[in-house]
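Chains, contacts and geometry: an overview
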Number of protein chains: 2
Amino acid sequence: MIEDNEKTGINDIARLANVSKATVDRVLYNRGRVSDETREKVLNICKELNYQPNILAQRLASDKVYRLAVLIPKSTPDNPYWEYPLKGIENAEKEVENYGIKIKKYFYDLKDIRSFRKESLQVLTSDPDGIVFAPEFNRESIEFSQKCSHKKIPYIFIDSNLPKQNHLSYFGQDTYQGGYLAGKLLSLHLKKHSEVLILNFANELANYPHFMDREKGMRDYFTEHNYHGKITSLNISPDQETELKEIVKGKLHRRTRGLFITSSAHKVARQIQKTGKGNLMILGYDLTTPNLKYLKNGIIDFLICQKPVTQGYLSIMALFDHLVQKKDIQKSNFMPIEIIAKENYQYYLDSNI
Amino acid sequence: MIEDNEKTGINDIARLANVSKATVDRVLYNRGRVSDETREKVLNICKELNYQPNILAQRLASDKVYRLAVLIPKSTPDNPYWEYPLKGIENAEKEVENYGIKIKKYFYDLKDIRSFRKESLQVLTSDPDGIVFAPEFNRESIEFSQKCSHKKIPYIFIDSNLPKQNHLSYFGQDTYQGGYLAGKLLSLHLKKHSEVLILNFANELANYPHFMDREKGMRDYFTEHNYHGKITSLNISPDQETELKEIVKGKLHRRTRGLFITSSAHKVARQIQKTGKGNLMILGYDLTTPNLKYLKNGIIDFLICQKPVTQGYLSIMALFDHLVQKKDIQKSNFMPIEIIAKENYQYYLDSNI
DNA sequence: AAATATTGCGGGAACGTTCCCGCATAATAA
DNA sequence: TTATTATGCGGGAACGTTCCCGCAATATTT
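Residues numbered from 1 in each chain as written. Chains lettered and ligands numbered in written order. Predicted model: local features only at pLDDT ≥ 70, side-chain atom pairs only at ≥ 80, totals over all residues. Heavy atoms only, no water.

Describing the interface of chain B and chain A
Note: interface size is frequently given as the accessible area lost on complex formation between the parts. Convention followed: Whether two residues are in contact is decided by their heavy atoms, any of which lying within 4.5 Å being enough. Any Lys or Arg side-chain nitrogen located within 4 Å of an Asp or Glu carboxyl oxygen qualifies as a salt bridge. For the purposes of these results, a polar contact is taken to be a pair of N or O atoms within 3.5 Å, where, inside protein, one atom must be able to donate a hydrogen and its partner to accept one; residues adjacent in sequence count only when each atom of the pair is a side-chain atom. Secondary structure follows DSSP: runs of H or I at least 4 residues long count as helices, runs of E at least 2 residues long count as strands, and numbering of each begins at the N terminus. Only Asp, Glu, Lys and Arg are considered charged in this grouping, and only Ala, Val, Leu, Ile, Met, Phe, Trp, Tyr, Cys and Pro are considered nonpolar; every other residue, Gly among them, is considered polar.
Contact with chain B, which involves 41 residues of that partner, is made by 40 residues of chain A. Taken together, the links from chain B to chain A amount to two salt bridges. At the surface where chain B touches chain A, the tally comes to 11 residue pairs in polar contact (both at pLDDT 80 or more). Mapped by element, the contributors of at least two residues to the side of chain B that touches chain A are helix 4 (55-61), helix 8 (175-187), helix 13 (308-323) and strand 12 (338-340) of chain B. Broken down by class, the residue content of the side of chain B that touches chain A amounts to 23 nonpolar, eight polar and 10 charged.

What follows is the structure in structure tokens.
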């Protein structure tokens, strides 16, 4: 048995091929002109010895700096969701900064489409080597994607997906399936003629497709499992939020046993806490600080989560793998759909895990 | 504003302190004799410039090889659980091999305490720089821990914890809380006078404390939530497994609506599939291949999981961080307790996530 | 045929560390 | 006093790459 214990390096290849290491380098990375004959020879030897470049030495020697751009919504007190993907991005940043990766972040306002236009333009003019972005505004995002494609800048979608684009990868949730799972959870609590209320906050227009998918997932679950109780939807627009209490109260039927809130559940939970929740099972989305409060005190029964921190982390890492390590990246990466309750939330606060 | 854009290196420190880089190195890593005066000066400058060593260059220049040992149970067809931590360990291995980390794996038989003695001895004589091990056999593991401590080899517990040991860290489940959560899930399905059956396979003696904790967690949930239905436990020993069908059938009361199996749920599910499950809600542990089959076909309703792949991955990474990066390691790392159902298992098959 | 351009390749500095070797000077021992 | 040892420090090779510079040999143009 041959001891291939000692790592073969570019020098070994060069020696065996009777060329200089510069030539090996040229062959491996198409950096210059080499005769077909030498190229052949070098490649064969590399394959034979299963040459793996030492990535440490590579990054150390190379002065190339990869500049990445991140374009995501800004977090707000009302909806702090985006602070989590950002945290993941920053975790990744620490890990790769030694490898010559520089990350610049751009934030847009989910309630202001112009801010997206403005920031996305900024990103383009900065001409980065790779982009992570959240395509929440459909039309504008498609436009932006196409510009990136045109400039040959690899880009990754996070949190939302746009089909038929030329993106390198997608990291995010399977929105429909999350709603479907929520249906299963609710159904454990429902009786034959119970009613269900689904609440959407329609004020963040960009997010609306998400909410619709979630609702559809839940409704499909009930349909597929022959549940025939009444299911009502309610879309709350920004100008109605002050009267939330009355609206919710008005819609909560005596027989309602399920309440599914597709975003910012804490707003509703706050009202319900005042009136008492009775027999209701309440399901919301995302382990954000305001939601957590109501999970802890028992108003919210379950939160469906999609690993927002991991989404951010993996997006950056994928770009790193693609650019630096030249690895192949999976195009679609759905995050696990997590079920979080009062009894297990504490293990999800920690970060990436 | 000062541009500290350019990374400060050991050379910059040396120049500013009017010493050679060798001296800076000596100061930073206590490698030799330096006068207090110089030491002081160098340290101050480092602090001032917030010097962060370039880990790439460090590992490249250093010929030090860290040898890690992993000592875990071997996976069996009957209980393939341990193939998952192993996978995580191998994932980590790929990531750190460029950093001069070599990992050697030792496996023992959960049903044979002598194999643990033998393998643990092997580990000790190989005199590694760090150890990851699963302390399933209490008595022997404590002994082994103490030997490691004595030899000043840092060691990490995986999957099971031993209190009061001198371990560097623990990665694993909070067994009790898992059972507690299972209690909550079951309770969604129970009616006022339903009965619950808890099944333990007592044939892997080493695992028995796990099972007991799980049972206790569930029982406590019920107690704390004033549930007064009958709860029966059944411990199945190796010689009874052939008659599993009759035993289970005999214990399944007409009013039993909950079945909690603390390990290898597939064995029971297989029998239940034949007789029909009726109104039963069945809860098991771990998303292993045989369990998955019965989750898919609806016999098992929920599996409680503890990120076995991540446990393996993080254990190695922690040792890496400790040895190579000299980072501080958290002593206790509980994995998230995951609820897996037919509707979301597909997102958990992928690896580390 | 001479001048110029292209092709194929090697030499070697640089990246930021680690760590060995050896040299002064100071402290201690004889 | 002289010999020996201890202390404090600098020089510089090495790690495995990247990439610039430049030099022959060959091909093309004038």
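Here's the deal with the layout of surface pockets
To locate leftover empty space, one rolls a probe as large as a water molecule over the atoms. Heads up, the rule is: Lining residues are defined by having an atom within 4 Å of a point belonging to a cavity or pocket. Those points lie on a 1 Å grid over the protein atoms alone, cavities being sets where a 1.4 Å probe fits but cannot get out and pockets being open sets with protein on both sides within 12 Å along at least five of seven lines. Grid points are joined across faces, edges and corners, and a volume is the space filled by probe spheres set on the points.
Here the second largest pocket is characterised by a volume of approximately 1,400 Å³. For the second largest pocket, the lining is made up of 48 residues, of which A:Ser187, A:Leu188, A:His189, B:Leu188 and B:His189 are closest to its centre. Taken together, the elements giving at least two residues each to the lining of the second largest pocket come down to helix 8 (175-189) and helix 9 (208-224) of chain A together with helix 8 and helix 9 (208-224) of chain B. Class assignment of the residues belonging to the lining of the second largest pocket gives a composition of 19 nonpolar, 14 polar and 15 charged.

Concerning the sheet that holds strand 1 (residues 66-73) of chain A
Residues and elements named next belong to chain A. Put simply, the test is: For two strands to count as paired, DSSP must find a minimum of two bridges between them. Fitted lines through C-alpha atoms serve as axes, helices being fitted only where they are in contact, and the angles separating the N-to-C directions of these axes extend from 0 to 180 degrees.
Across the sheet, six strands lie side by side as 2-1-3-4-5-11; this open sheet has parallel pairing. Edge positions in the open sheet fall to strand 2 (101-108) and strand 11 (332-334), since each of these has one partner strand only. On average, adjacent strands in this sheet sit at an angle of 15° to one another, irrespective of strand direction. Here four bridges tie strand 4 (residues 155-159) to strand 5 (residues 169-172), and the two strands are oriented parallel to one another.

Examining the protein's contact with DNA strand D
Rule in force here: Here a residue is considered near a molecule or strand provided that any single heavy atom belonging to it is located within 4 Å of it.
Lining the immediate environment of DNA strand D, one finds 29 residues, of which A:Asp25, A:Arg31, A:Ala61, B:Ser20 and B:Thr38 sit closest. Of everything in DNA strand D that lies within 4 Å of the protein, sugar and phosphate atoms constitute 58%. The side chain of A:Tyr51 places a nitrogen or oxygen atom 3.2 Å from a phosphate oxygen of DNA strand D. Interatomic distance of 3.3 Å between a backbone N/O atom of A:Asn54 and a phosphate oxygen of DNA strand D.

Some points on the relation of the copies chain B and chain A
Defined as follows: Only residues with pLDDT of at least 70 in both copies contribute their C-alpha atoms to the least-squares superposition of the copies.
Note on the identical chains: chain B maps onto chain A by a rotation of 180° and an axial translation of 0.1 Å, with an RMSD of 0.2 Å. Those values place the two copies in the arrangement expected of a two-fold rotation axis. Using C-alpha coordinates, one finds that chain B approaches the rotation axis most closely at B:Leu56, a distance of 2.5 Å.

Topic: the domain arrangement of chain A
Residue and element names in this part refer to chain A. Rules: Where each domain begins and ends follows an automated or database-derived domain assignment. Once two parts are put together, the accessible area they lose, assessed with a 1.4 Å probe and summed over both, is termed the buried area.
Domain boundaries in chain A define domain 1 (10-53), domain 2 (66-173 + 308-333) and domain 3 (175-305). Domain 2 and domain 3 are separated by 30 Å when their C-alpha centres are compared. The partner domain 3 presents 15 residues to the 12 residues of domain 2 that form the contact. When domain 2 packs against domain 3, the two sides together hide about 1,200 Å² of surface, and 45% of this comes from carbon and sulfur. Across the contact surface, domain 2 and domain 3 share one salt bridge. Lys267 is the salt-bridge partner of Asp78, the closest N and O atoms lying 3.0 Å from each other. Put simply, domain 2 and domain 3 have six residue pairs in polar contact (both at pLDDT 80 or more) between them. Across the side of domain 2 that touches domain 3, the residue classes tally to five nonpolar, three polar and four charged.

Points about the protein's contact with DNA strand C
Near DNA strand C there are 29 residues, and of these A:Ser20, A:Thr38, B:Asp25, B:Arg31 and B:Ala61 occur at the shortest range. Of all atoms in DNA strand C that approach within 4 Å of the protein, 58% are sugar or phosphate atoms. In the model, a phosphate oxygen of DNA strand C is placed 2.7 Å from a nitrogen or oxygen of the A:Thr38 side chain. In the model, a phosphate oxygen of DNA strand C is placed 2.3 Å from a nitrogen or oxygen of the B:Asp25 side chain. Elements supplying a minimum of two residues to the surface near DNA strand C: helix 2 (21-29) and helix 4 (55-61) of chain A together with helix 1 (10-17), helix 2 (21-29) and helix 4 of chain B.

Observations concerning the packing of helix 8 of chain A against helix 9 of chain A
Residue and element names in this part refer to chain A. Convention followed: Should an angle fall under 35 degrees it is taken as roughly parallel, and over 145 as roughly antiparallel, whereas 65 to 115 is taken as roughly perpendicular and any remaining angle as oblique. Left-handed describes a crossing whose near helix is turned anticlockwise from the far helix by less than a right angle; the clockwise case is right-handed.
Two elements in contact, helix 8 and helix 9, have axes whose closest approach is 6 Å; the angle formed by their N-to-C orientations is 45°. Here helix 8 lies oblique to helix 9, going by the angle between them. Relative to helix 9, the crossing made by helix 8 is right-handed. Taking contact as the criterion, the partners of Thr175, Tyr176, Gly179, Tyr180, Ala182, Gly183, Lys184, Leu186 and Ser187 in helix 8 are, on helix 9, His210, Asp213, Arg214, Lys216, Gly217, Met218, Asp220, Tyr221, Phe222 and Glu224. The residue makeup of the contact of helix 8 with helix 9, split by class, is seven nonpolar, six polar and six charged.

Some details on the packing of helix 2 of chain A against helix 3 (residues 36-49) of chain A
All names here are of chain A. The geometry of helix 2 relative to helix 3 is characterised by a closest axis approach of 10 Å and an angle of 85° between their N-to-C directions. On the basis of the axis angle, helix 2 is roughly perpendicular to helix 3. Each of Thr23, Val24, Val27 and Leu28 in helix 2 lies in contact with helix 3, whose residues at this interface are Thr38, Arg39, Val42, Leu43 and Cys46.

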